[in-house]
Amino acid sequence: EPEVTQTPSHQVTQMGQEVILRCVPISNHLYFYWYRQILGQKVEFLVSFYNNEISEKSEIFDDQFSVERPDGSNFTLKIRSTKLEDSAMYFCASSDLGARNEQFFGPGTRLTVL
Amino acid sequence: RKEVEQDPGPFNVPEGATVAFNCTYSNSASQSFFWYRQDCRKEPKLLMSVYSSGNEDGRFTAQLNRASQYISLLIRDSKLSDSATYLCVVNTNRDDKIIFGKGTRLHILP
């Protein structure tokens with residue numbers, strides 16, 4: 001069964017450092033998403049991506065964040081200068097028909113900012 | 001009013017019992033509705049989509065009430081493996097994002 005994969009599973013970084021979280025969506029999906037979940041809180045939408053551009057972003061997704069699809073398979077989330085409050089679980093998801101259809105989530109990357 | 005609201009629980013239910021959760025949403029333009037389950041420190045996994053006519057998948061039944069803007073999930077003959085957090089998820093179709101509720105925690109007791 002096809003699945004979304006994410007690397008690394010856990011990333012520890014110092015405040016102010018740049019991190020790149022990587023995702024490989026399901027191969028025939030066209031819509032890609034990043035979410036974050038701070039421990040004990042709800043899953044929060046960050047950004048959606050379709051046709052090589054951002055289609056929607058939340059207020060959380062400020063200038064410190066960027067996304068890229070550098071090749072035909074990877075989808076990345078970059079945080080330029082991490083802050084303590086960026087510590088969270090980051091989930092990538094993909095969908096074949098956009099947000100009105102089911103989204104399939106990767107296992108997540110746990111980001112710890114020290 | 002929160003966009004998607006759920007009773008956080010926890011619901012402590014004996015094995016074999018029936019349990020029901022409700023979820024309310026604030027945007028009357030919402031078109032797509034889902035229930036996901038999330039195990040501790042894991043990713044959300046789709047449980048079922050919720051259709052206007054209601055739908056059933058084995059022990060799970062989902063209902064949508066557009067007039068009152070709520071959706072429900074019924075779990076019959078609950079199993080220990082049903083212990084998880086159940087997430088109500090809504091999309092408005094105008095934008096390419098989904099909104100999650102905070103989830104309802106369910107503990108099935110042996």
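No experiment lies behind these values; they were computed from the predicted model shown.

Engineer: Looking at this model, I keep getting lost on unusual backbone geometry. Mind explaining?
Structural biologist: Glycine aside, the phi torsion of most residues is negative, and most peptide linkages are trans. A cis amide bond links Thr7(A) with the next residue in sequence, Pro8(A), at an omega value of -10 degrees. Positionally, Pro8(A) belongs in the loop between β1 (5-7) and β2 (10-13). Here the amide bond leading from Gly9(B) into Pro10(B) is cis, since omega sits at 5 degrees, within 30 degrees of zero. A positive phi angle is found at Asn51(A), which is not glycine, with a value near 55 degrees. With respect to the element layout, Asn51(A) can be found in the loop between β5 (44-50) and β6 (53-57). Phi at Asp77(B) is positive, roughly 45 degrees, even though this residue is not glycine. Here Asp77(B) lies in the loop between β8 (70-75) and β9 (84-91). The partly exposed category is assigned to Asp77(B), whose relative accessible area is 37%.

Engineer: How should the interface of chain B and chain A be read in this particular structure?
Structural biologist: Facing 21 residues of chain B, the contacting portion of chain A comprises 23 residues. The contact between chain B and chain A buries some 1,800 Å² in all, and 56% of this surface belongs to carbon and sulfur atoms. Of all residues in chain B, Arg41(B), Asp96(B) and Phe100(B) give up the largest surface area on contact with chain A, accounting jointly for 33% of the area buried on that side. Along the contact surface separating chain B from chain A lie zero salt bridges. Linking chain B with chain A are three residue pairs in polar contact (both at pLDDT 80 or more), by the criterion used here. For the side of chain B that touches chain A, the secondary structure elements donating two or more residues are β4 (32-38), β5 (45-50) and β9 of chain B. A per-element tally of the side of chain B that touches chain A places β4(B) first, with four residues. Looking at side-chain class alone, the side of chain B that touches chain A contains eight nonpolar, six polar and seven charged residues.

Calculation rules
- Residues numbered from 1 in each chain as written.
- Chains lettered and ligands numbered in written order.
- Predicted model: local features only at pLDDT ≥ 70, side-chain atom pairs only at ≥ 80, totals over all residues.
- Heavy atoms only, no water.
- Helix = DSSP H or I, 4+ residues; strand = E, 2+ residues; numbered from the N terminus.
- Buried < 20%, exposed > 50% of the residue type's maximum accessible area, 1.4 Å probe, protein only.
- Contact = heavy atoms within 4.5 Å.
- Buried area = accessible area lost by both parts, 1.4 Å probe.
- Salt bridge = Lys/Arg side-chain N within 4 Å of Asp/Glu carboxyl O.
- Polar contact = N/O pair within 3.5 Å; in protein donor to acceptor, adjacent residues only side chain to side chain.
- Nonpolar A, V, L, I, M, F, W, Y, C, P; charged D, E, K, R; others polar.

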